[in-house]
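Below are the chains, spelled out letter by letter.
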Amino acid sequence: MLAPGGGTPVKHLFGKLADGTEIHRWSLENGGTRLKVLSYGGIVQSLEVPDRHGRHANVSLGFDTLEDYVAGSRYFGALIGRYGNRVGRGRFTLDGRAHQVGVNDGVNSLHGGPEGFDRRVWDVEPFTEGSDVGLYLYRTSADGEMGYPGTLEVKVAYTLTEHGDWRIDYEATTDQVTVANLTSHVYWNLAGEGGGSILDHELEIAASRYTPVDSGLIPTGELAEVSGTPFDFRRPKTVGQDIRVAHRQLLHARGFDHNWVLDKGVTATPVAVATLRDPSSGRTLRISTTEPGLQFYSGNFLDGTLVGTGGTVYRQGDGLCLETQAFPDSPNKPSFPSTVLRPGQTYRTTTVHSFGV
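These numbers come from a predicted model, not from an experiment. Residue numbers restart at each chain and count upward from 1, following the sequence in its written direction. For a predicted model such as this one, the threshold for reporting local features is a pLDDT of at least 70, and the threshold for listing and counting side-chain atom pairs is 80 or more; totals across whole chains, interfaces and linings nevertheless cover every residue. With hydrogens and water set aside, each side-chain value is computed from the structure's full complement of heavy atoms.

Enquirer: Is there a simple way to explain the packing of aromatic side chains in this structure?
Expert: Given two aromatic rings, one states the distance between the centres and the angle between the planes to describe the pair. The rule is short: rings of Phe, Tyr and Trp, with Trp giving its six-membered ring, pair when the centres are within 6.5 Å, and they are stacked under 30 degrees, edge-to-face over 60, tilted in between. On inspection of all chains with the given rule, the structure shows 24 aromatic pairs. With a centroid separation of 6.4 Å and 40 degrees between ring planes, the pair formed by Tyr-210 and Trp-260 is classed as tilted. One end of the pair, Tyr-210, is in strand β18 (residues 207-211); the other, Trp-260, is in strand β21 (residues 257-262), and 50 residues separate them in sequence. Both residues of the pair, Tyr-210 and Trp-260, belong to the buried class. When the ring of Phe-233 is compared with that of Trp-260, the centres are 6.1 Å apart and the planes differ by 70 degrees; the resulting orientation is edge-to-face. In this pair, Phe-233 sits in the loop between β19 (224-225) and β20 (237-238) while Trp-260 sits in strand β21, placing the two residues 27 residues apart along the sequence. Each helix is a run of H or I in the DSSP string that is no shorter than four residues. Each strand is a run of E no shorter than two, and both are numbered from the N terminus. Think of it in three bands: residues with accessible area under 20% of the maximum for their type are buried, residues over 50% are exposed, and the middle band is partly exposed, with areas taken using a 1.4 Å probe on protein chains only.

In structure tokens, the structure reads:
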């Protein structure tokens, strides 16, 4: 175990891919938060924080073995790209040129396609900076990878601060016009991984609007008011309070799987946009971001076929995701904030996860 004040991240062999590529797990700790990250997919395998009595528990869903991640992870803990969330029919046009990217969600593309960033091996470099400790993750996404244009040079920093915050800084550049939308796909359960349903977690989202979707979960382009709907989380309420309301949008997604239009919009520095609390443990998670959107996914497609790190089966609603992002299908929705990245520009976004009791 690392000292509470941080220290050099520790590297261990986690497993090998079928082609013999070694995958490592990095362990780091600071400010009472303990983090384990894989070089495969930039995956957060576990994140441990204390409850109101000071007892640590892993609050992120995941697997014990590399083989389970490779077999099909539901994106547990993964670093997502090139385009987080969905692109309708995997098609978009940039500067008059049509592009077709990999589809893996019916006719649509989800989280970068069948071989997105979640299935790639990242170069990892540990760092310490003042009282902070962290990891730099690098990879080059070649021109045409999953159909996306341009060679994308990506650098992501996972930082644990002296206060135990987990900060993610995303950065990317391109040599051709392309689109970029990176995010993290941690499934949270603040009662502890394998601790049962998250329906009694209390959630607050600073958003007056959301983006309704069609039956394929592609945004219609409308920015709908949350007032008077199950999507109103402007004041804290339990995840389960309205999840069984007979609302067409909930039927489309089998629960919540929607993008909230954050009231703050795009900001130069991270602004607090969501708070999650587990009454049983007292643990809280506050999310701050520079991004304009937040995808809240209530774990609707966990189906009891996956066994987690704690040896329990994951069922529907056993974890939830809060993915900071640009809006889904933005390349096909000119009215949405742009995700276009051009040569000479640098894609930069930041999200901070702050834990407390």
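Once the structure has been displayed, the description carries forward.
Enquirer: Sorry if this is basic, but what is going on with the sheet that holds β20 here?
Expert: Sheet strands line up and pair through hydrogen bonds in the backbone, either parallel or antiparallel. Pairing is antiparallel in the open sheet, where nine strands are placed in the order β11-β12-β13-β14-β29-β23-β22-β17-β20. In the strand order of this sheet, the two ends are held by β11 (123-129) and β20, each with one partner. Only when DSSP finds a minimum of two bridges between them are two strands counted as paired. With two bridges joining them, strand β17 (residues 202-205) and β20 adopt antiparallel strand pairing. The partner of Leu-203 across the bridge, within β20, is Lys-237.

Enquirer: Looking at this model, I keep getting lost on the environment of Phe-231. Mind explaining?
Expert: Take Phe-231: it is sitting in the loop between β19 and β20. Measuring from C-alpha to C-alpha, the distance between Phe-231 and Gly-164 comes to 30 Å, with 67 residues separating the pair along the chain. Here, two residues are considered to be in contact whenever any of their heavy atoms come within 4.5 Å of each other. Ignoring anything within four residues of it in the chain, the contact list for Phe-231 reads Tyr-210, Val-226, His-247, Gln-249, Leu-250, Phe-256, His-258 and Trp-260.

Enquirer: I would appreciate a short explanation of the pairing of strand β29 (residues 347-356) in the present structure.
Expert: Of all ten residues in β29, eight are buried, a share of seventy percent or more. Direction of pairing for strand β14 (residues 166-174) relative to β29: antiparallel, over a ladder of seven bridges. Each residue of the ladder has a partner; that of Trp-166, found in β29, is His-353. Here strand β23 (residues 284-289) runs beside β29; their pairing, made up of six bridges, is antiparallel. Bridge pairing links Arg-286 to Ser-354 in β29.

Enquirer: Before we go on, may I ask you to explain the nonpolar core in this structure?
Expert: The nonpolar side chains of a soluble globular protein tend to be buried, and buried together. We call a set of buried Ala, Val, Leu, Ile, Met, Phe, Trp, Tyr and Cys residues a nonpolar core when their side-chain atoms join them within 4.5 Å. Ranked by size, the top nonpolar core spans 56 residues in total, and within it Trp-166, Trp-188, Ile-205, Trp-260 and Phe-296 carry the most contacts. The next biggest cluster of nonpolar side chains, apart from the first, holds 21 residues, and it includes Phe-14, Tyr-297, Leu-302 and Tyr-314.

Enquirer: Any chance you could explain the pairing of strand β13 (residues 152-160) here in plain terms?
Expert: Residues in a regular strand project their side chains so that they alternate between the two faces of the sheet. For β13, the buried fraction is high: seven of the nine residues fall into the buried class. Where β13 and β14 come together, nine bridges link them in antiparallel fashion. Looking at β14, one finds that Val-156 is bridged to Tyr-170. The antiparallel hairpin formed by β13 and β14 contains five residues in its connecting segment, where Gly-164 sits at a positive phi of about 85 degrees.

Enquirer: Would you explain the side chain of Thr-33 in this entry?
Expert: In this structure, Thr-33 sits in strand β3 (residues 33-38). For Thr-33, a relative accessible area of 2% translates into the label buried. A polar atom in the side chain of Thr-33 sits 2.7 Å from the backbone oxygen of Gly-164. Those residues in contact with Thr-33, other than ones at most four positions away along the chain, are Leu-28, Leu-47, Glu-48, Val-49, Leu-160, Gly-164 and Phe-355. Counted as a polar contact is a pair of N or O atoms within 3.5 Å, where, for protein atoms, one must be capable of donating a hydrogen and the other of accepting one, and residues adjacent in sequence contribute only when both atoms are in side chains.

Enquirer: How should the sheet that holds strand β27 (residues 321-325) be read in this particular structure?
Expert: Strand order across the open sheet formed by five strands is β19-β18-β21-β24-β27, with antiparallel pairing between neighbours. Each edge of the open sheet is held by one strand with a lone partner, namely β19 and β27. Bridging between β21 and strand β24 (residues 293-297) involves five bridges; their strand directions are antiparallel. Paired with Asn-259 across the two strands is Gln-295, which belongs to β24.

Enquirer: So what exactly am I meant to see when it comes to the environment of Val-103 here?
Expert: Counting through the fold element by element, Val-103 comes out in the loop between β9 (97-100) and β10 (109-110). Taking relative accessible area as the criterion, Val-103 reaches 38% and is therefore assigned partly exposed. Considering only alpha carbons, one finds Val-103 and Glu-115, twelve residues apart in sequence, at a separation of 9.9 Å. Beyond its immediate stretch of four places on either side in the chain, Val-103 contacts Arg-89, Gly-90, Asn-108, Ser-109 and Pro-114.

Enquirer: I would appreciate a short explanation of the pattern of salt bridges in the present structure.
Expert: Between side chains of opposite charge, a pair can form as their charged atoms come close. Throughout this description, the term salt bridge denotes a Lys or Arg side-chain nitrogen within 4 Å of a carboxyl oxygen of Asp or Glu. Taken as a whole, this structure holds 15 salt bridges when the rule is applied. With its nearest N and O atoms 2.9 Å apart, the salt bridge here joins Asp-95 to Arg-342. Placement of the pair is Asp-95 in the loop between β8 (91-94) and β9 and Arg-342 in the loop between β28 (340-341) and β29, with a sequence separation of 247 residues. One salt bridge in this structure joins Lys-333 and Asp-329, with 2.6 Å as the shortest N-O distance. Accessibility expressed as a relative area gives 14% for Lys-333, which makes it buried. On the basis of relative accessibility, which here comes to 2%, the residue Asp-329 falls in the buried class. Here the salt bridges do not stand alone but share partners, grouping Glu-29, Arg-34 and Glu-48 into one network.

Enquirer: In this structure, what is going on with the environment of Ala-191? I would like to understand it.
Expert: As for its position among the elements, Ala-191 is in the loop between β16 (183-185) and β17. When its relative accessible area of 31% is taken as the criterion, Ala-191 is described as partly exposed. With 90 residues separating them along the chain, Ala-191 and Ser-281 place their C-alpha atoms 5.8 Å apart. Excluding residues that lie within four positions of it along the chain, Ala-191 makes contacts with His-201, Asp-278, Ser-280, Ser-281 and Arg-283.

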